[in-house]
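If you want the building blocks of each chain, they are given just below.
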Amino acid sequence: MDKLKVSVFLDRDNLNKTLQLDDNSIVSDLLKELKINPVTVIVSRNNELILEDEKLKNNDEIKILSVISGG
Amino acid sequence: MNCCSQKPVFEMHSGEKLCKPHFTEYFEGKVFKTIRQFDLIGKEENLGVALSGGKDSLTVLHILHRLSMQNPKIKICAIAIDEGIHNYRDKTLETAKEFCNKNSIDLHIFSYKEEFGLTLDEMLNILDVKPCTICGIFRRYLLNKKSRELNFTKIATGHNLDDECQSVLMNQMRNDAGASARLGPKAGLTQDSRFVQRIKPLYLCTEKEVTAYAFINGLLDSFNECPNAIHSFRVQVRDNLNDLENKFPGTKYSIVNSFLQVLPFLKEKFKSGSVKACAKCGEPSANDVCNACIYLEKLKNSIIRVV
Ligand code: SF4
Ligand SMILES: [Zn+2]
Ligand SMILES: [Zn+2]
């Protein structure tokens, strides 16, 4: 199977990651791979929010933004 | 299920997907409905918005500021408490100042250092207590005292559905129903002119909804978390609640909605009699000396011992 390369920024950890995912992967596959509960984040690409069933494309730059309040 | 042909930006727990304009309409509609349903804001108000610089309080300020522009009888100011938490509050307060400057909103800042002589960081070096316990006592104390002095009719806070849900569960787990009686969209138990009524316009909005709204409206800053938060009971309750919500969507709504049904009985049961004045500072207090003064005394004694 082909692979997708996606770069991800996790705001909570202030961390950039590059991941290889199966072709046809969607956002929820990415969250599963990162062991992130979808209730706790919103996800954006090109400064637009995308949903869990959104298909990922090769070389996508994804931001995962934590929804939890800081205290 | 999509709301219309535009690209969706938010999925509700029911599975419905909303585009940007429809999500905005849904979110703001929910906030205004909450305000009406619980009678949070009257025809004439001098509102203080408790601003931390985080997404929740910025969202409340953003929405109430627009309300006040449309309605000259509703005045808005922001009030911020600087606990003195290095590398956290200094950053979020910068965001708060920027927002207020840009929107020409008066911002009043009061700090623990100036009011009590010590920052929270310094207090925690002296006393061996749970950070959030004293942080909360001093914050509520200052917020109430200063809001009263500024003649605010009410204080609006950024508390959302997740916060409330966590508090309800925490109180259940501690067997503290009296603390739950003080929750609700209109917080507190006693109608006393020395207490400024606290209101929660985001009461029925989940944290995820608030974050999406803040993102869409450019209110979401870089992620910031209080370094003391990891020690808290709340964080463990929060994480477990989010796991439950993921497995059983709608859990948070159910908990808060059923809580709202028993809340009037709780408020009635725990209605307190007359409120005393603290013997030391004169602020309203359930006991002879208020919690803030008790901790200030402990701090003073510990400093003397150290010296
Ligand atoms: S997490 Fe605790 S210590 Fe930090 S700001 Fe909130 S109440 Fe204060
Ligand atoms: Zn739509
Ligand atoms: Zn006192």
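Coordinates for the structure precede this section.
Residues numbered from 1 in each chain as written. Chains lettered and ligands numbered in written order. Predicted model: local features only at pLDDT ≥ 70, side-chain atom pairs only at ≥ 80, totals over all residues. Heavy atoms only, no water.

Quick word on the packing of aromatic side chains
Residues and elements named next belong to chain B.
- Counted by the stated rule, this structure contains 9 aromatic pairs over all chains.
- Measuring from centroid to centroid gives 6.1 Å for Phe23 and Phe27, while their planes differ by 40°, and the two rings are tilted. Pair noted here: Phe23 and Phe27 are both in helix H1 (residues 20–37), with a separation of 4 residues, about one helical turn. For the pair formed by Phe23 and Phe27, the shared burial category is buried.
- Ring geometry for Phe38 and Tyr203: centres 6.1 Å apart, planes at 65°, overall edge-to-face. Separated by 165 residues along the polypeptide, Phe38 in the loop between H1 and strand E3 (45–50) and Tyr203 in the loop between strand E7 (197–199) and helix H9 (207–216) bring together distant segments of the chain. Like Phe38, the residue Tyr203 is buried in the burial classification.
- Pairwise contacts between aromatic rings join Phe10, Phe23, Tyr26, Phe27 and Tyr213 into one cluster.
- Its guanidinium or amino end placed over the ring of Phe270, Lys269 lies 5.5 Å from that ring's centre, counting from NZ or CZ. (Phe/Tyr/Trp six-rings, centres within 6.5 Å; stacked < 30°, edge-to-face > 60°. Helix = DSSP H or I, 4+ residues; strand = E, 2+ residues; numbered from the N terminus. Buried < 20%, exposed > 50% of the residue type's maximum accessible area, 1.4 Å probe, protein only. Lys NZ or Arg CZ within 6 Å of the ring centre and 35° of its normal.)

Let's talk about the coordination of the zinc ion (ligand 3)
All names here are of chain B.
- Around the zinc ion (ligand 3), the protein contributes the donor atoms Cys278 (SG), Cys281 (SG), Cys290 (SG) and Cys293 (SG), at 2.3 to 2.4 Å from the metal centre.
- With 4 donor atoms in place around the zinc ion (ligand 3) and angles of 105 to 116° between them, the coordination shape is tetrahedral.
- When the donors of the zinc ion (ligand 3) are listed by position in the chain, the intervening gaps give C-x2-C-x8-C-x2-C. Of this pair, Cys278 sits in the loop between strand E8 (276–277) and strand E9 (284–285) while Cys293 is found in helix H12 (residues 291–306), placing the two residues 15 residues apart along the sequence. Residue Cys278 shares its accessibility class with Cys293, and that shared class is buried. (Donors = N, O, S within 2.8 Å, 3.2 Å for Na, K, Ca; no water. Tetrahedral: all angles 85-135°; square planar, octahedral: opposite > 155°, others 65-115°.)

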